[in-house]
Amino acid sequence: MLTNGGNMQSKVVYSVENLNLWYGNDQALRDINLKIEKNEVTAIIGPSGCGKSTFIKTLNRMVDNIPIVRTSGKIFYHGTDIFDKSVRLEELRTTVGMVFQKPNPFPKSIFENVVYGPKIHGIRNKKQLMQIAEESLKSAALWDEVKDRLNDNAYGLSGGQQQRLCIARSLAIQPDVLLMDEPTSALDPIATNKIEELIDELKNNYTIAIVTHSMQQAARISDKTAFFLMGELIEFGDTKKIFTTPEDKRTEDYITGRFG
Amino acid sequence: MGYQDQLITSESEVNEKFKSIKKSPVLLNKEAWNKRMEKRIIMDKVARKIFSLSTVFALVILGILFYRIGVQSAGWLNLKFLTGNLSIFPEKAGIYGAIIGSVWLMAVVIPVTLLLGVSTAIYLEEYAKEGKFQSFIKTNISNLAGVPSVIFGLLGLAVFRRLFGLGSSILAGGLTLSLLVLPIIVVASQEAIRAVPNFLRDGAYAMGATKWTTIRTVVLPASLPGILTGCILAISRAIGETAPLVVLGIPTLILAIPESLMSDFTALPIQIYYWTLDTVLTPEYANLAAATIVVLLVVLLLMNSIAIFIRNKFQRRY
Ligand SMILES: Nc1ncnc2c1ncn2[C@@H]1O[C@H](COP(=O)(O)OP(=O)(O)OP(=O)(O)O)[C@@H](O)[C@H]1O
Ligand SMILES: [Mg+2]
């Protein structure tokens, strides 16, 4: 069990220790050590293929769906090793929400999308579902745009709206952590701006790990930054420090755009 | 090297700079191309003719078929024919019993094949690990779709009629036809399930959904149109099949209207078959057969339109 074992109040949400991950024979993550703290935004940056997505997909064990994946090392979530046999995947994922790079709403109505999580976990009460939908959509800054068309198909929304719908969908199950894999890469600057503002807002209640290709975005919204390179964590620390006085030459090269 | 260094200032310089890419070293004989082009354009026209003629050919055959059936059934297809009981006298004969028999058959075939077929497809696509076993099963299911229907009739005779003692009941006939069309539904459902993009599944898993919940709430609704298409194909096949029923020993002259799964019955294709056979003795049977074909087509269209209606209602949008 996840929640009774650990101390949910602890400042450290995730403690990753000596994490290695292989796709078949190819190692994608090498000896990763880092800590993610409560109510902070942790940005994960690095060139394409360095293992950013792999890393955050390990945090909610979505990598388990890929048959060839093997891991070693430990990831403690509030003190409980998420690889432990007693941890139920379903429980972990209701505590750790995820937003994907490409908006992936279900081909259902906007309302059905938002209440999907609560519904599959057993909430049937119409009134309660409506309340959850409204709150979640408001938190995702989408309510005003969709409140009159909740029964329309989600695929009628714009890309940016779809992505905020996916965020609302994740928020509807009230997770503690939100993992976001390049949530704005498919969006225009205005939609991106909205989502960045949203992240800043959500930070008060959630712990957020966000993968991004935009240095500016990382610098704008994150408290901590992790720089990955070819499966290794090169540098991890306060965003301010990473972006002003990085310790590693490779970090400096990457953030100043002199890389590759 | 800075940007400035690359600026080109005079025309001669341009020529100098692009000399290498102006002319390809391989000389292309455009004249020869143009000559051959004539030929290719003619070929294109010929191809177009061949394809359109093939379509026209099929349509003409279909037209002749409809015409003959129409002419032959004219005057015979009336309310008395639809609601009357079977009789050896052509003027008195009606096919009410056969219509009800066919509907009963489908009432067995549709739920049985959908349940078994979709479950099999779900297992093969979502649960079974990729590997030798899975591909072995998949190949065999596809092969099964090509087995002649008489063989399924023999199987039904041996298993359902003899072993299970179901006689020549609706249940025996329905189960035999179900076996026959099962591969169609399995293959169609597999394809529909495989076409559901993984990002939708991921969306569900990331919300803490179990595999079954994901299948039930995301995969099945998204693949429903494809599954229903398979269902349409399967029904169309099952409702017109004669051979398996003949082998099962379904009698032709049944006067009682079937009332339950265990009732004896006759079905539309059986009537068509026997009436066609007996045309030698009683020429009017040909008209009865034609009229029955029209009824069979109408029943088929009705059932298909229901499936198409449902399919359109759930048409995927992503
Ligand atoms: N399902 C998979 N099977 C095999 N190898 C994979 C799989 N997914 C990722 N990889 C490999 O793992 C490495 C890391 O991939 P990952 O997707 O984590 O990179 P990324 O940092 O997210 O890149 P990007 O910025 O392009 O999204 C890559 O070399 C990739 O080829
Ligand atoms: Mg990625």
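Residues numbered from 1 in each chain as written. Chains lettered and ligands numbered in written order. Predicted model: local features only at pLDDT ≥ 70, side-chain atom pairs only at ≥ 80, totals over all residues. Heavy atoms only, no water.

A. Local environment of the domain arrangement of chain B. Residue and element names in this part refer to chain B. Domain boundaries assigned for chain B yield domain 1 (2-73) and domain 2 (95-317). Residue-level contacts link four residues of domain 1 with seven residues of domain 2. Interface area for domain 1 against domain 2, summed over the two sides, is near 440 Å², with a carbon-plus-sulfur share of 74%. Broken down residue by residue, the surface that domain 1 buries against domain 2 is led by I69, Q72 and S73, which jointly contribute 88%. Taken together, the connections running from domain 1 to domain 2 amount to zero salt bridges. (Domains from an automatic or database assignment. Contact = heavy atoms within 4.5 Å. Buried area = accessible area lost by both parts, 1.4 Å probe. Salt bridge = Lys/Arg side-chain N within 4 Å of Asp/Glu carboxyl O.)

B. Representation of helix α9 (residues 211-240) of chain B. With 30 residues, α9(B) should cover 44 Å at 1.5 Å per step; its first-to-last C-alpha distance of 38 Å lies more than 12% under that length. In the structure, α9(B) departs most strongly from a straight axis at L224(B), where the bend amounts to approximately 55° and where the proline P225(B) lies between one and four residues downstream. (Helix = DSSP H or I, 4+ residues; strand = E, 2+ residues; numbered from the N terminus. Expected span 1.5 Å × (residues − 1). Bend = angle between axes of the 7 residues up to and from the residue.)

C. The arrangement of the pairing of strand β8 (residues 207-211) of chain A in detail. All names here are of chain A. β8 sits mainly inside the fold: five of its five residues count as buried. In β8, alternate side chains face the same way, and those of T207, A209 and V211 on one face and I208 and I210 on the other are all buried. Relative to β8, strand β3 (residues 41-45) runs parallel, the two being bridged by four bridges. Residue pairing for β8: A43 is matched across the bridge by I210. Alignment of strand β7 (residues 177-181) against β8, held across five bridges, turns out to be parallel. (Buried < 20%, exposed > 50% of the residue type's maximum accessible area, 1.4 Å probe, protein only. Pairing = 2+ DSSP bridges.)

D. Focus on the interface of chain B and chain A. Taken residue by residue, the interface counts 18 residues in chain B and 24 residues in chain A. Applying the counting criterion to the chain B and chain A interface returns zero salt bridges. Elements supplying a minimum of two residues to the side of chain B that touches chain A: α8 (198-205) and α9 of chain B. The greatest single-element share of the side of chain B that touches chain A, amounting to six residues, is contributed by α8(B).

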